[in-house]
Amino acid sequence: MEILVGCNKDEMDFFVSSFGKEGWDNWIAARKQEKFAQLPADEKALVESYMKDVK
């Protein structure tokens, strides 16, 4: 029996195309907010500091 593990280079493109650009952007924003809300205060501060430096 053969098992394929991993993904191909176009897998995410297929996934995103089913959402559309606006749907994708909304999904990302909601996911980011959800994950950020789960962080302790000290880690939130680190993330915010990093995001200021990256932009």
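This text goes with the structure placed above it.
Residues numbered from 1 in each chain as written. Predicted model: local features only at pLDDT ≥ 70, side-chain atom pairs only at ≥ 80, totals over all residues. Heavy atoms only, no water.

### Side note on the overall build of the protein chain
- Each helix and strand in the protein chain was counted, giving two helices and zero strands.
- For a compact globule of 55 residues, the expected C-alpha radius of gyration is about 10 Å, and the protein chain comes in at 16 Å, more than 25% above that figure.
- Principal axes of the C-alpha set define a box for the protein chain whose edges measure 45 × 30 × 20 Å.
- Looking at the protein chain as a whole, 2% of its 55 residues are labelled buried.
- Carbon and sulfur atoms form 58% of the exposed surface of the protein chain, whose accessible area is close to 5400 Å².
- Seen as two clouds, the 8 positive and the 11 negative side-chain charges of the protein chain have centres 6 Å apart. (Helix = DSSP H or I, 4+ residues; strand = E, 2+ residues; numbered from the N terminus. Rg over C-alpha atoms; globule rule 2.2 N^0.38 Å. Buried < 20%, exposed > 50% of the residue type's maximum accessible area, 1.4 Å probe, protein only. Areas by Shrake-Rupley, 256 points an atom, 1.4 Å probe, with all protein chains shown as cover. Lys, Arg positive; Asp, Glu negative; His and termini not counted. Charge placed at Lys NZ, Arg CZ, Asp CG, Glu CD.)

### A look at the packing of aromatic side chains
- Following the criterion strictly, the structure yields three aromatic pairs and no others.
- Ring plane angle 85° and centroid distance 6.0 Å describe the contact between Phe19 and Trp24, whose orientation is recorded as edge-to-face.
- Cluster of aromatic residues (ring-pair linked, three or more members): Phe19, Trp24 and Trp27. (Phe/Tyr/Trp six-rings, centres within 6.5 Å; stacked < 30°, edge-to-face > 60°.)

### So, a nonpolar patch on the surface
- On the surface, Met12, Phe15, Phe19, Trp27 and Ile28 cluster together to form a nonpolar patch covering roughly 420 Å² of accessible area.
- Note on placement: Met12 falls in helix α1 (residues 11–37). (Patch = residues over 30% accessible without salt bridge, like charges linked within 9 Å, V, L, I, M, F, W, Y side chains within 5 Å. Salt bridge = Lys/Arg side-chain N within 4 Å of Asp/Glu carboxyl O.)

### Notes on α1
- Here α1 is 27 residues long, yet its end C-alpha atoms lie only 29 Å apart, well below the 39 Å a rise of 1.5 Å per residue gives.
- At Gly20, α1 shows its largest bend, some 105°. (Expected span 1.5 Å × (residues − 1). Bend = angle between axes of the 7 residues up to and from the residue.)

### A look at the packing of α1 against helix α2 (residues 41–54)
- It is the contact of α1 with α2, at a shortest axis distance of 10 Å, that shows an interaxial angle of 140°. In terms of axis orientation, α1 runs oblique to α2. Contacts between α1 and α2 involve Lys32, Phe36 and Ala37 from the former and Lys44, Val47, Glu48 and Met51 from the latter.
- Tallied by class, the residues present in the contact of α1 with α2 amount to four nonpolar, no polar and three charged. (Axes fitted to C-alpha atoms, helices over the stretch in contact; angles between N-to-C directions. Parallel < 35°, antiparallel > 145°, perpendicular 65-115°, else oblique. Contact = heavy atoms within 4.5 Å. Nonpolar A, V, L, I, M, F, W, Y, C, P; charged D, E, K, R; others polar.)

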